[in-house]
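Okay, here's what each chain looks like letter by letter:
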Amino acid sequence: MKRILFAILPLFLLVTSCDKDDQNGTVELHFLATYDGAPLVMLEPYDYTEGISILFQRFNFYLSDVALLKDGKETDVLDIDFVEFDGIDDANKAMAGVALPTWFEVPAGDYDGIRIGLGVPAGLNATQASDYPSTHPLGMVSHYWQDWNSYIFTMINAKIDTNADGLHDDGSVLYHCGSDEVYRSKTVNLPISVREGENSRITFTVDLKDLFKDGNGYLDVVAKPNTHNINDLAVANQVMDNFRDALIAQE
Amino acid sequence: MQRTFYLFALLSGLSFFYACQDDDMPEPPVTTKGDLEDIPYEPEPYDLQVPPGFPPLEIPQDNPLTVDGIELGRFLFYDPILSSDSTQSCSSCHLPVGSFTDNLPTSPGVLGIHGKRSAMSLLNAAFFTNGLFWDGRSTTLEAQALLPVEDPVEMNNTWEVVIERLQAHAEYPAMFRRAFGILDSDEISRELAAKAIAQFERIMVSTGQSKYDRRFLYLDPTVEFTDQEFRGFDMFFDVADSPLPDAQCFHCHNAPLFTTNGYFNNGLQEAATLDDFEDLGRGAVTGAKIDNGKFRAPTLRNIALTAPYMHDGRLQTLEEVIDFYNEGVHFADNLDENLVVPLGLSEQQKQDVIAFLHTLTDTSFVHNPMLSNPF
């Protein structure tokens, strides 16, 4: 009997290591971005405030620490990933949005909420891009700012036209938000049902214009074109607050 | 009966181990004959050292570095046998002295015809993980190495001819055997040749002996930056508490490799609309108009050794490069947003940035005997 077991065990291991647990379903994280209600398309001019037209070239961010919630208990979904709209060059692509390629396996069941982090949590933010292979979301040298000892959590890059000549060459908007202080976490109450063997898609929508909110108006991007100074995080904090508040989740 | 059981047990155990094993060394393929069988195949892994702070090496599993593989690659890289009239080798356009460029705006191939782009430095090629060439049209060093041989403006040959020459050669069959364990000269293939060249290119890594590396990666207390080099550093990296202007360089040429491997329009070409770039660059590869006129930001390591500059070699000196970034950038809708606002560097500040760029020079790399011509 022992011998049979000995013979079968390795085979069994071989088989089970490739097997999926069928008590589980999957969740897919999907993102849509708009600007003032219209699909967000790169290099497409949008009205900003009076007299300013804005043309976006990059909108991307780190997403981290995602968990499904149920009766106060957490089911981990994702540690860190990167979402970018930089390649969205027409309205169809914008309306299709960006979905993370991985479907995350979680126990089937009815959840009552989801938590997500915007940015790189402090533990991971203590590492740097050269610690990771190029395929890892944290391996992007373009998103590591040495002088800040931080990743760039959210990058919003645009050019503006302030003299109405149709050329967006009058200035740039470089809102690079990074450092532990600007990390934001958001919890959304949302019924999410994950069925055995099935995929549930959770869609997050964000209106990029909302990220510029300032009181009853919008940030003065001419006076404050960038957030490059780590010693002055006022705008970065505000943009990240706005981001957290603007994000809407739906199943 | 008992024996069968043990055998079964052993076999299934083995199958388990094999399924999980990571094949490190290439296995010799099985053939019936073999004119090379008597030559020993004893692959010795090559332990590539990279400076501290560099990203992890990404070496394809099916082409591990071996001492004999690298040596074969070195011979192939320097051997004009690859070109149609046996006058040109890879090293004709990628010379060690120029950090593996040829210091020409564009390079003549064997027919004397110039390609439209400038030869690129191969320094730290192992880390070019986001596409090769100015436009990223090739994805791996193995795939890239197949192209120059048949390119009409480069070696203008065919791989059939090259393989015949290699098979009939006095030395190469044994070298392929030692590198890849083939049993017969018939098995010499373009894929194996490309693998060997790629292995050789992967060891073209910074030595860590540049002033910058000794100061910032090795923290060598005997190396001090001058005030001018520090000013250049502050502008290059946009250091927050510095009163100097932001030169924006690091957004695209970030440490430690001094490139992000990204594609950008840095304003080099004048174009009325996104369709009008003389060289579409990345756009011709992706088919996306938004990418027209974008090129890969090259490494700035050893930049003092690789003039002339840019994809078409239009700028002769680093002074011209800084002048261009400071006051010569052409607007287009996809001009990188970091370069829209003029940098506003003074003459002194331009010199300071150039002084910093000189700290990236690694002459030990250029003189590394492992990378030199074996003939």
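All values reported here derive from a predicted model rather than from experimental measurement. (Residues numbered from 1 in each chain as written. Chains lettered and ligands numbered in written order. Predicted model: local features only at pLDDT ≥ 70, side-chain atom pairs only at ≥ 80, totals over all residues. Heavy atoms only, no water.)

Engineer: In this structure, what is going on with the overall build of chain B? I would like to understand it.
Structural biologist: Along the backbone of chain B there are 14 helices and two strands. By its C-alpha atoms, chain B is 85 × 50 × 40 Å across when sized along the principal axes. Sorting the 375 residues of chain B into buried and exposed places 55% on the buried side. Per element, the accessible surface of chain B, about 16,500 Å² overall, is 55% carbon and sulfur. (Helix = DSSP H or I, 4+ residues; strand = E, 2+ residues; numbered from the N terminus. Buried < 20%, exposed > 50% of the residue type's maximum accessible area, 1.4 Å probe, protein only. Areas by Shrake-Rupley, 256 points an atom, 1.4 Å probe, with all protein chains shown as cover.)

Engineer: Quick question: what am I supposed to make of the overall build of chain A here?
Structural biologist: Each helix and strand in chain A was counted, giving four helices and 16 strands. Here the C-alpha coordinates of chain A stretch approximately 85 × 35 × 35 Å along the principal axes. Accessible surface for chain A amounts to roughly 11,300 Å². Of this, 51% is attributable to carbon and sulfur atoms. Of the side-chain charges in chain A, 17 are positive and 39 negative, and the distance between the mean point of each set is 8 Å. (Lys, Arg positive; Asp, Glu negative; His and termini not counted. Charge placed at Lys NZ, Arg CZ, Asp CG, Glu CD.)

Engineer: Please clarify how the nonpolar core should be interpreted in this entry.
Structural biologist: General note: in soluble globular proteins, nonpolar side chains tend to be found buried as a group. Residues L29, F56 and F59 of chain A are the most contacted members of the largest nonpolar core, which totals 117 residues. Here this core takes nine residues from strand β4 (residues 53-70) of chain A, the largest share from any one element. Beyond its immediate stretch of four places on either side in the chain, F56 of chain A contacts Y35, L40, M42, L43, E44, Y46, I156, N157, A158, L208 and F212 of chain A. Judged by nonpolar contacts, the second largest core, of 46 residues, contains F75, M155, L192 and V205 of chain B. (Core = buried A, V, L, I, M, F, W, Y, C linked by side-chain atoms within 4.5 Å. Contact = heavy atoms within 4.5 Å.)

Engineer: Please explain helix α4 (residues 234-246) of chain A as it appears in this structure.
Structural biologist: One turn of an α-helix holds 3.6 residues; hence residues three or four places apart share an orientation. Across its 13 residues, α4 of chain A extends 18 Å between first and last C-alpha, which sits within 8% of the 18 Å expected from 1.5 Å per residue. Listed as buried for α4 of chain A are V235, A236, N237, V239, M240, N242, F243 and A246 of chain A. (Expected span 1.5 Å × (residues − 1).)

Engineer: Explain the packing of aromatic side chains to me, please; I cannot follow it from the model alone.
Structural biologist: Residues and elements named next belong to chain A. Under the criterion given, the structure shown has 45 aromatic pairs over all chains. Their ring planes at 75° and their centres at 5.8 Å tell us that F31 and F61 sit as a pair that is edge-to-face. Of the two residues, F31 is situated in strand β1 (residues 24-35) and F61 in strand β4; the sequence distance between them amounts to 30 residues. For F31, a relative accessible area of 2% translates into the label buried. Under the relative-accessibility criterion, F61 is labelled buried at 2%. (Phe/Tyr/Trp six-rings, centres within 6.5 Å; stacked < 30°, edge-to-face > 60°.)

Engineer: Would you mind showing me how to read the pattern of salt bridges here?
Structural biologist: Where side chains of opposite charge bring their charged atoms close, a pairing between them can arise. Following the criterion strictly, the structure yields 31 salt bridges over all chains and no others. In this structure, D36 of chain A and K209 of chain A form a salt bridge, with 3.7 Å as the shortest nitrogen-oxygen distance. A residue pair is termed long-range when its members are at least 10 positions apart, and D36 of chain A in the loop between β1 and β2 (38-39) and K209 of chain A in the loop between β13 (199-207) and β14 (213-214) qualify at 173 residues. Take D36 of chain A: its relative accessible area is 53%, and that puts it in the exposed class. Assessed through its relative accessible area of 8%, K209 of chain A is described here as buried. Residue K350 of chain B pairs with E347 of chain B through a salt bridge whose shortest N-O separation is 2.9 Å. Within this pair, K350 of chain B and its partner E347 of chain B are both found in helix α13 (residues 347-358), separated by three residues, close to a single helical turn. Beyond isolated ion pairs, a larger network of salt bridges with shared partners links K116, R117, D135, R137 and D279 of chain B. (Salt bridge = Lys/Arg side-chain N within 4 Å of Asp/Glu carboxyl O.)

Engineer: Sorry if this is basic, but what is going on with the domain arrangement of chain B here?
Structural biologist: Put simply, an interface is often sized by how much accessible area is lost when its parts join up. Residues and elements named next belong to chain B. Per the domain assignment, the segments making up chain B are domain 1 (67-206 + 367-371) and domain 2 (211-359). Taken residue by residue, the interface counts 27 residues in domain 1 and 23 residues in domain 2. The largest share of the area that domain 1 buries against domain 2 comes from N130, W134 and D135, three residues that together contribute 30% of it. At the junction of domain 1 and domain 2, the tally comes to two salt bridges. A salt bridge links R117 to D279; the shortest N-O distance between them is 2.8 Å. Class assignment for the residues of the side of domain 1 that touches domain 2 results in 10 nonpolar, 13 polar and four charged. (Domains from an automatic or database assignment. Buried area = accessible area lost by both parts, 1.4 Å probe. Nonpolar A, V, L, I, M, F, W, Y, C, P; charged D, E, K, R; others polar.)

Engineer: Where do I start with unusual backbone geometry in this structure?
Structural biologist: With glycine set apart, most residues show a phi of negative sign, and most peptide bonds adopt trans. Residues A255 of chain B and P256 of chain B are joined by a peptide bond in cis, for which omega reads 5°. Here P256 of chain B is to be found in the loop between α10 (227-237) and β1 (263-264). Residue A307 of chain B is joined to P308 of chain B through a cis peptide bond whose omega torsion reads -5°. Structurally, the position occupied by P308 of chain B is in the loop between β2 (295-296) and α12 (318-327). Of note in this structure, A164 of chain A is not a glycine but carries a positive phi near 55°. By relative accessible area, A164 of chain A is classed as exposed at 71%.

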